[in-house]
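Coordinate analysis (summary)
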Amino acid sequence: MTTLLTALDNCPAPAKLNLFLHVNGRRADGYHLLQTVFQLVDHGDTLHFALRDDQQIRRTTDLPGVPQEQDLIIRAARLLQAEVVRRTGAMPRGVDIAIDKVLPMGGGLGGGSSDAATTLMALNTLWQGGLSREELMALGLPLGADIPFFIFGENAFAEGVGEAMRPVATPDCWYVVIEPGVQVATAAIFCAEGLTRDTEAVTIADFSRHIAESNSANGFGKNDLQQVACSLFKPVADAVEWLCAYGEARMTGSGACVFGAFSTEEEADAVLSNVPAVWSAWKAKALSHHPLLTMLQVAKKDFA
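What comes next is a walk through the structure.

Definitions and cut-offs
- Residues numbered from 1 in each chain as written.
- Predicted model: local features only at pLDDT ≥ 70, side-chain atom pairs only at ≥ 80, totals over all residues.
- Heavy atoms only, no water.
- Pairing = 2+ DSSP bridges.
- Helix = DSSP H or I, 4+ residues; strand = E, 2+ residues; numbered from the N terminus.
- Contact = heavy atoms within 4.5 Å.
- Axes fitted to C-alpha atoms, helices over the stretch in contact; angles between N-to-C directions.
- Buried < 20%, exposed > 50% of the residue type's maximum accessible area, 1.4 Å probe, protein only.
- Right-handed = clockwise from strand over helix to strand, strands pointing away.
- Parallel < 35°, antiparallel > 145°, perpendicular 65-115°, else oblique.
- Left-handed = near helix turned anticlockwise from the far one by under 90°.
- Nonpolar A, V, L, I, M, F, W, Y, C, P; charged D, E, K, R; others polar.

Some points on the sheet that holds strand S7 (residues 174–179)
In space, the 4 strands of this open sheet follow the order S8-S9-S7-S10, with antiparallel pairing throughout. Both outer strands of the open sheet, strand S8 (250–251) and strand S10 (280–285), are each paired with one neighbouring strand and no more. In terms of strand pairing, S8 meets strand S9 (residues 258–262) through 2 bridges, oriented antiparallel. Note on S9: the bridge partner recorded for arginine 250 is phenylalanine 259. The strands touched by helix H8 (residues 234–243) within the sheet are S7, S8 and S9, with S9 carrying the most contacts at an inclination of about 15°. Across the sheet, helix H9 (residues 265–272) is in contact with S7, S9 and S10; its angle to S10 comes to roughly 180°.

Here's the deal with the side chain of threonine 119
Assignment of secondary structure puts threonine 119 in helix H2 (residues 111–126). We classify threonine 119 as buried; its relative accessible area is 0%. If sequence neighbours within four positions are ignored, threonine 119 has contacts with Leu47, Phe49, Ile73, Ala76, Ala77 and Ile97.

Considering the pairing of strand S4 (residues 95–100)
Both faces of the sheet carry side chains from a regular strand, because those side chains alternate between them. Of all 6 residues in S4, 5 are buried, a share of seventy percent or more. Judged from the 6 bridges that link them, strand S2 (residues 32–51) and S4 form a sheet pairing that is antiparallel. Each residue of the ladder has a partner; that of leucine 51, found in S4, is valine 95. Both strand S3 (residues 57–59) and S4 contribute to a ladder of 3 bridges, which runs parallel. Directly across from arginine 58, in S4, lies its bridge partner aspartate 96. Note on the crossover from S3 through helix H1 (residues 72–88) to S4: the handedness is left-handed.

Let's talk about the packing of H1 against helix H3 (residues 133–140)
Between H1 and H3, whose axes approach to 11 Å, the crossing angle comes to 125°. Classed by the angle they form, the pair H1 and H3 counts as oblique. When you trace H1 past H3, the crossing you get is right-handed. Taking contact as the criterion, the partners of Leu79, Leu80, Glu83 and Arg87 in H1 are, on H3, Glu135, Leu136 and Leu139. Split into classes, the residues belonging to the contact of H1 with H3 amount to 4 nonpolar, no polar and 3 charged.

Spelled out as structure tokens, the structure:
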């Protein structure tokens, strides 16, 4: 007898860091051509899913400034629900979704995208949707360019508009991340006149060689969005300047969060203890794989 899985609690939605981010050009449709390495870290939101006896999809947690209809979590769930109906002809049960929200909005940490990816992966399991990793990535892409990375599930060298990914080894280290207290709108950064859009392309081999030689991503590439963000948002510039006193500091994504890498947890703790009280800050360990993948494998075995 098969026991149906009806709930998944404590599903992680980890943050990502962009170890570098280059803008190599711009397509005719306005999308920018990028190269980056996405790094997963063990700090993020947590989601809880419980199937309902009807077909409603509801978020049971109030998130100020994020109406349910606009929430990527709800939009992702409805998208998958429609895809399951298309494939099977049967409407899956509704779901209540609760979230412990930790990651800031407009921080460059991929919080909303990570929540949506966790939602797609968890509900694909609960609804027995049967979508492959690649199919889930394609389903999530229209909702957000970072969503496929989180479903990809491991650190990645990404290029194009961010959807073409290959797994890449990254340093086993600790990060200190500073939240400067401002929200940066991605569109404002990409539309800025001063944005560099012609950085020379690098290869995954270039990055891997740098890691092998120095055991650190420090010194490889840059974040082309950082200069623009720092000019528009002084708190971002201040955070970069402060953290640079302890080593290389870099903005992630389009901002606003700033990070530095450290070899040991002790080094990270020492820096963290000195962060000015005006900013929120935290430490996180580098991850090699998305922690939800193991959790879902265990859940499937337990209810097989």
